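Structural features, examined
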Amino acid sequence: MNPTSVAIVTGSSRGIGLEIARALGRKGHALLLVARDATALASAQQELEREGLRAATCAVDLRDASCADTVLQRARDAFGEPDVLVNNAGTAPTAKFEATTDAMLDETFALHVKAPLALARAVLPGMRQRGRGCIVQLASTAGLRAFPFTSAYTAAKHAMVGLTRALATELQGTDLRAYAVCPGFVDTEITRSAAAAIAARGKLTKDQAMQKMAEQNVIRRMHTPAEVAATVARLVAERPLGCTFVMDRDPPAFLD
Ligand SMILES: NC(=O)c1ccc[n+]([C@@H]2O[C@H](COP(=O)([O-])OP(=O)(O)OC[C@H]3O[C@@H](n4cnc5c(N)ncnc54)[C@H](OP(=O)(O)O)[C@@H]3O)[C@@H](O)[C@H]2O)c1
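Residues numbered from 1 in each chain as written. Predicted model: local features only at pLDDT ≥ 70, side-chain atom pairs only at ≥ 80, totals over all residues. Heavy atoms only, no water.

We now examine the domain arrangement of the protein chain. The domain boundaries assigned to the protein chain delineate domain 1 (6-184 + 224-254) and domain 2 (186-222). In this structure, domain 1 and domain 2 have C-alpha centres spaced 24 Å apart. Each side of the interface is counted separately: domain 1 has 16 residues, and domain 2 has eleven residues. Both faces considered, domain 1 and domain 2 share a buried interface measuring about 1,000 Å² in area, 59% of it formed by carbon and sulfur atoms. Counting across the domain 1 and domain 2 interface gives one salt bridge. (Domains from an automatic or database assignment. Contact = heavy atoms within 4.5 Å. Buried area = accessible area lost by both parts, 1.4 Å probe. Salt bridge = Lys/Arg side-chain N within 4 Å of Asp/Glu carboxyl O.)

This is the structure:
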């Protein structure tokens, strides 16, 4: 791998994104960590630097798509032109279908669809010029099928998968790659707060709620953030042909 390879990883202050940054850093990428909370980003940066990895941070709210240029400039200033973009930042609001508001839909699409598109638009010209690059979208099995009480999230993740497929068709015949990685439920803050919300309704404990979610995965257990990160790092390193990679099947495989 080119030793100056630069990876932008959004949503990398914690959870799956932090593990993806760690996995890419261990493979020699210099890392731009992106999230809203500057304090959490600084502690993620310190954690990675203690391991000897190179990391810089950029605190922005990605719901404002105009920050894509700021993110790209920060990567350039810190390390150089990015070869890898991982669109991982996300939130997962829950509501009954008829309680899903336009504002929820707008916010979810801003973060899961418009920001990834804006960031991809920003980095692609440089990637095309250099003839190398890889864009990974952290999608979900919610981008391929539906789960109850997650209409906005399910719609946004379906759109994210569609966007990635569209990009992949336009990258055919080049050395550039676009992947949509689809895990099932992963043990992170998002799932733990969903379990806490279920427990607050009084019928299940938090552990039972986590177990119910795990059982919705085809593999009947939750993925770990490290497993998702290893998958992303392998795709980036090996650059196989394919677009939609489903982790929640045995064995994990490309759908298309
Ligand atoms: N956990 C699961 O079961 C699961 C399953 C499939 C797919 N995924 C996907 O995996 C991705 C990561 O999820 P996770 O479970 O690791 O979540 P998480 O632990 O809650 O981390 C989310 C990350 O995104 C950042 N973020 C959230 N809103 C942002 C915004 N408006 N602008 C910039 N950064 C923002 C957060 O930092 P700040 O809050 O500081 O901004 C944080 O770094 C998401 O796209 C999610 O949809 C998760």
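This is not the end of the story, as more comes after the structure.
Here we come to the pattern of salt bridges. Applying the stated criterion across every chain, the model contains 15 salt bridges. In this structure, the salt-bridge partner of R63 is D61, at a minimum N-O distance of 2.6 Å. A residue is classified by how much of its surface remains accessible, and D61, at 28% relative accessible area, is partly exposed. We note a salt bridge from D83 to R132, for which the minimum N-O separation is 3.1 Å. (Buried < 20%, exposed > 50% of the residue type's maximum accessible area, 1.4 Å probe, protein only.)

This paragraph deals with helix 2 (residues 38-50). Taking 1.5 Å per residue as the helical rise, helix 2 with its 13 residues ought to reach 18 Å, and the 18 Å between its terminal C-alpha atoms agrees with that figure. Within helix 2, the full set of buried residues consists of L41, A44, Q45 and L48. Summarising the axial view, the buried residues of helix 2 lie within an arc of 100°, below the 170-degree limit, and thus occupy one face. Facing away from the buried side of helix 2 by more than 90 degrees, the exposed set consists of T39 and R50. Buried residues along helix 2 sit against helix 1 (15-26), strand 2 (30-35) and strand 3 (55-59). Following helix 2 by one or two positions, G52 has its phi on the positive side, about 90°. (Helix = DSSP H or I, 4+ residues; strand = E, 2+ residues; numbered from the N terminus. Expected span 1.5 Å × (residues − 1). Arc of directions from axis to C-beta.)

All right, on to the sheet that holds strand 8 (residues 253-254) then. Ordered by their spatial adjacency, eight strands build an open sheet running 3-2-1-4-5-6-7-8, and the pairing between neighbours is mixed. Two strands lie at the open edges of the sheet, namely strand 3 and strand 8, each paired on one side alone. Where strand 7 (residues 244-246) lies against strand 8, two bridges are found, and the strand directions are antiparallel. When the bridges of strand 8 are listed, V246 appears paired with A253. Across the face of the sheet, helix 1 comes into contact with strand 1 (6-10), strand 2, strand 4 (84-87) and strand 5 (133-138) while running at roughly 170° to strand 1. (Pairing = 2+ DSSP bridges. Axes fitted to C-alpha atoms, helices over the stretch in contact; angles between N-to-C directions.)

Let's shift gears to the environment of A65. Mapped onto the elements of the fold, A65 is located in the loop between strand 3 and helix 3 (68-78). Leaving out residues up to four positions away in the same chain, A65 has contacts with K114 and A118.

With 32 residues, the main nonpolar core has I20 and L24 as its most contacted residues. When contributions to this core are tallied by element, the ones reaching two or more residues are strand 1, helix 1, strand 2, helix 2, strand 4, strand 5, strand 6 (176-182) and helix 8 (225-238). When near neighbours in sequence (up to four residues on either side) are disregarded, L24 contacts A7, V9, H29, L31, V84, V86, A233 and V236. (Core = buried A, V, L, I, M, F, W, Y, C linked by side-chain atoms within 4.5 Å.)

The next thing to look at is the site of the ligand. For the ligand, the set of nearby residues contains 32 residues, the closest of which are S13, R36, Y153, V186 and T188. K157 has a polar side-chain atom sitting 3.1 Å from an oxygen atom of the ligand. At a separation of 2.5 Å, an oxygen atom of the ligand approaches a polar side-chain atom of T188. Alone, the ligand offers 890 Å² of accessible surface; in the complex the protein occludes 96% of this. Broken down by secondary-structure element, the contributors of at least two residues to the shell around the ligand are helix 1, helix 4 (102-130), helix 5 (151-171) and helix 6 (189-200). For the shell around the ligand, the element with the highest residue contribution is helix 6, accounting for three residues. For the shell around the ligand, the class distribution of residues is 13 nonpolar, twelve polar and seven charged. Here the shell around the ligand spans two domains, and each of domain 1 (6-184 + 224-254) and domain 2 (186-222) adds at least three residues to it. (Near = heavy atom within 4 Å. Polar contact = N/O pair within 3.5 Å; in protein donor to acceptor, adjacent residues only side chain to side chain. Areas by Shrake-Rupley, 256 points an atom, 1.4 Å probe, with all protein chains shown as cover. Nonpolar A, V, L, I, M, F, W, Y, C, P; charged D, E, K, R; others polar.)

Turning next to the packing of helix 3 against helix 4. Orientation of helix 3 relative to helix 4, taken along the N-to-C sense of each, is 45°, at an axis distance of 9 Å. Between helix 3 and helix 4, the angle falls in the class oblique. Every pair of crossing elements has a handedness; the one defined by helix 3 and helix 4 is right-handed. Across the interface between the two elements, A68, D69, V71 and L72 from helix 3 touch A118, L119, A122 and V123 from helix 4. Looking at the contact of helix 3 with helix 4 residue by residue, the classes come out as seven nonpolar, no polar and one charged. (Parallel < 35°, antiparallel > 145°, perpendicular 65-115°, else oblique. Left-handed = near helix turned anticlockwise from the far one by under 90°.)

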